[in-house]
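# Coordinate analysis (summary)
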Amino acid sequence: MTRQERAVRTREALIEAAADLFDRDGQEVTSLAAVTAKAQVSAGALYFHFATKADLADAVTRTALSRLRQITGAPAPTPADTNGHATGNGSGSGNENEGGDGSRNGGGGGSGWGGDARTQAARGVRGERAAAPPARGPAAAAGGARGDRVGEVQQLIDTTHVLVRGLADDVVLRAGFALDRSGGQRPARERPVGEGPAGRAAGKGGTGGERPGRWPEVGGSLRGVWSGWVHETLAAAGTRGALAPGVSPGDAAAVVVAATVGFEVLGAQDPLWLAPHRLTRFWTLLLPALVPPPARETLHPDGSPAAH
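For the structure given in this document, a descriptive report is provided here. Remember, it's a predicted structure, so these values are computed and weren't measured experimentally.

## With respect to the overall build of the protein chain
Helices and strands together make up the secondary structure of the protein chain, namely 13 helices and two strands. Across the 308 residues that make up the protein chain, the buried fraction comes to 49%. Within the protein chain, residue pairs in contact and separated by at least 24 positions form 74% of the contacts whose partners lie at least 6 positions apart. Here the protein chain displays about 13,700 Å² of accessible surface, and carbon together with sulfur accounts for 52% of that area.

Now the structure itself:
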C-alpha cells in the first residue's frame, strides 16, 4: 500500500468513525479522542487531515452530500460553490507518514453502504435485504437516461425508496442529514420556482397562474439538494403531462419533501420510520391524487425493479 493510499484510508476511517459517534452521541459531546480511538488511528493522523472537530463535521456532511448526489444523480457544485470549503488541513505533524494532496481535498470518500444496527431494527420484521445505491439514480439503473425508461413519477418513487434505505443503512448519510438539521452546513442559495436547477419551468403542467415561490438551488445543504431535485423532477413530470389535471408540481413537491424529510427526522429517533413499508404506504395514499388513473395503474408504490 502506497503512502497516499494509506492516507486516503485513514481519512475515510476518521469520517466513518466520526459519523458513527455523531449519530450515536451527537456532535457536541463527541470528542476527537473518541474519534481516533474508534478509527484506531493516532491523534497526529487525525490532525494531519482535520485541524478541528468542525472540519471533521464538515467532511462528514460533504461526504453525505456526495452520497446523496449519487442517489439522485444531481450535479456536483461548481468550483465557485466550493471555494474556501476544503476539508483538508495540510498542516499536520511532520512525523505522520500521511502524504498526498489528493487525500486531503474534498469530502466524497468513504464506503459506508453496509448495514448497521439500525438496518436490522428497520427491517427485522420483513427481512428486506440491503441494496447499494445506483451510480446515477434509479433511471440510470434501468438502463436509460432520466425519464427514458422510467417515467419521472416512478423515478421519484424509486429514489425516495433508495434514500430511505440509505438513511437506514449508511451512518454517514444519516449523520450528514443530522448535521444539516442542526445547521452544520451552509444554507443553499435559492432561486424562483419558475426556474429549476436545470432551467426547466416549474409551473407548466400544473394549475394555471401558479404564484412564484422558491426552492433551494442544487449545491447547498443536503435538504437543499433533495428539495431542488424533487421540485425539478415533478416539474418535468408536469411539463410532460404526467400529473393529474389541476395538480401543481410545486405543491406536490412540497408534500413529497415534507414527508421524506419527516421520515428522516422521525427515523433518527425510531428506526421503524425508515422501514420500506412506511414509504410504500405513503405513496399508496398520495398517488391517487398525483397522477391520473391510467398512469397510476402502471406505477409501483413499493419501487420498481430498477430501485431494488
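## Comments concerning the packing of helix H4 (residues 53–72) against helix H9 (residues 171–181)
Between H4 and H9, whose axes approach to 8 Å, the crossing angle comes to 115°. When the axis of H4 is compared with that of H9, the two are roughly perpendicular. Along this stretch, H4 crosses H9, giving a crossing that reads as left-handed. For the pair formed by H4 and H9, the contact residues are Ala57, Val60, Thr61, Thr63, Ala64, Arg67, Leu68 and Ile71 on the first element and Val172, Leu173, Ala175, Gly176, Phe177 and Leu179 on the second. Its residues assigned to classes, the contact of H4 with H9 shows 10 nonpolar, three polar and one charged.

## Topic: the pattern of salt bridges
Scanning the entire structure with this criterion turns up 10 salt bridges. For the salt bridge of Asp23 with Arg174, the shortest nitrogen-to-oxygen distance reads 3.2 Å. Here Arg174 lies in helix H9 and Asp23 lies in helix H1 (residues 3–25), a separation of 151 residues in the sequence. Since its relative accessible area comes to 6%, Arg174 is described here as buried.

## A closer look at unusual backbone geometry
Even without being glycine, Gln40 reaches a positive phi, approximately 60°. One can find Gln40 in the loop between helix H2 (32–39) and helix H3 (43–49). A residue is classified by how much of its surface remains accessible, and Gln40, at 73% relative accessible area, is exposed.

## Quick notes on helix H11 (residues 249–269)
End to end, H11 covers 31 Å across 21 residues, agreeing with the expected 30 Å (1.5 Å per residue, within 8%). Burial in H11 covers these residues: Pro249, Gly250, Ala252, Ala253, Val256, Val257, Ala259, Thr260, Val261, Phe263, Glu264 and Gly267.

## Here we look at H1
Between its first and last C-alpha, H1 extends 32 Å over 23 residues, near the 33 Å set by a 1.5 Å rise per residue. Of the positions making up H1, those classed as buried are Ala7, Thr10, Arg11, Leu14, Ile15, Glu16, Ala17, Ala18, Ala19, Leu21 and Phe22. Looking at the buried side of H1, the elements it contacts are H2, H3, H4 and H9. Just downstream of H1, Gly26 is the residue with a positive phi angle, here 100°.

## Re the packing of aromatic side chains
On inspection of all chains with the given rule, the structure shows four aromatic pairs. Taking the centre distance of 6.1 Å and the plane angle of 45° together, the rings of Phe263 and Trp273 count as tilted. A residue pair is termed long-range when its members are at least 10 positions apart, and Phe263 in helix H11 and Trp273 in the loop between H11 and helix H12 (276–290) qualify at 10 residues. Here Phe263 falls in the buried class, since its relative accessible area comes to 8%. On the basis of relative accessibility, which here comes to 30%, the residue Trp273 falls in the partly exposed class. Through successive ring pairs, a cluster of aromatic residues spans Phe263, Trp273, Phe282 and Trp283. Geometry around Trp273 places Arg278 over its ring, the cationic atom sitting 4.6 Å from the centre.

## Focus: the nonpolar core
Counting residues in hydrophobic clusters, the biggest one holds 62 residues, and the most contacted among them are Val153, Leu173, Val230, Trp283 and Leu290. Of all elements in the fold, only H1, H2, H4, helix H8 (152–169), H9, helix H10 (222–239), H11 and H12 reach the threshold of two or more residues within this core.

## Quick notes on the environment of Pro271
Relative to the elements of secondary structure, Pro271 occurs in the loop between H11 and H12. The exposure class assigned to Pro271 is buried, which follows from its relative accessible area of 17%. When the C-alpha atoms of Pro271 and Ala168 are compared, they prove to be 7.1 Å apart, with 103 residues separating the residues in sequence.

What counts as what
Along each chain, the written sequence defines residue order, and numbers are assigned to residues from 1. Per-residue local features are limited, in this predicted model, to residues with pLDDT of at least 70; the limit for side-chain atom pairs, both in listing and counting, is 80 or more; totals at the level of whole chains, interfaces and linings are taken over all residues. The basis for the side-chain values is all heavy atoms of the structure; hydrogens and waters are excluded. Helix and strand definitions follow DSSP, with helices as H or I runs of at least four residues and strands as E runs of at least two, each counted in order from the N terminus. Relative accessibility thresholds used throughout: buried, under 20% of the residue-type maximum; exposed, over 50%; partly exposed, between the two (1.4 Å probe, protein chains only). Working rule for contacts: check all heavy atoms of both residues, and any pair within 4.5 Å makes them a contact. Only the protein chains shown count as cover for residues, with accessible areas throughout obtained via the Shrake-Rupley method and a probe of 1.4 Å. Every angle, taken between N-to-C directions, lies between 0 and 180 degrees, and every axis is a line fitted to C-alpha atoms, over only the stretch in contact when it is a helix. Here roughly perpendicular refers to angles of 65 to 115 degrees, roughly parallel to angles under 35, roughly antiparallel to angles over 145, and oblique to all remaining angles. A crossing counts as left-handed when the near helix is turned anticlockwise from the far one by less than a right angle, and as right-handed when that turn is clockwise. Residues are grouped as follows: Ala, Val, Leu, Ile, Met, Phe, Trp, Tyr, Cys and Pro are nonpolar; Asp, Glu, Lys and Arg are charged; all remaining types, including Gly, are polar. One side-chain nitrogen of Lys or Arg within 4 Å of one carboxyl oxygen of Asp or Glu is enough to make a salt bridge. The length a helix should cover is 1.5 Å for every residue beyond the first. Here a pair means two rings of Phe, Tyr or Trp (six-membered ring of Trp) with centres within 6.5 Å. Their orientation is stacked below 30 degrees between planes, edge-to-face above 60, and tilted elsewhere. As a reminder, the over-ring test applies to NZ of lysine and CZ of arginine, requiring each to be within 6 Å of the ring centre and within 35 degrees of the ring normal. Here, the term nonpolar core denotes a set of buried Ala, Val, Leu, Ile, Met, Phe, Trp, Tyr and Cys residues that are joined through side-chain atoms within 4.5 Å.

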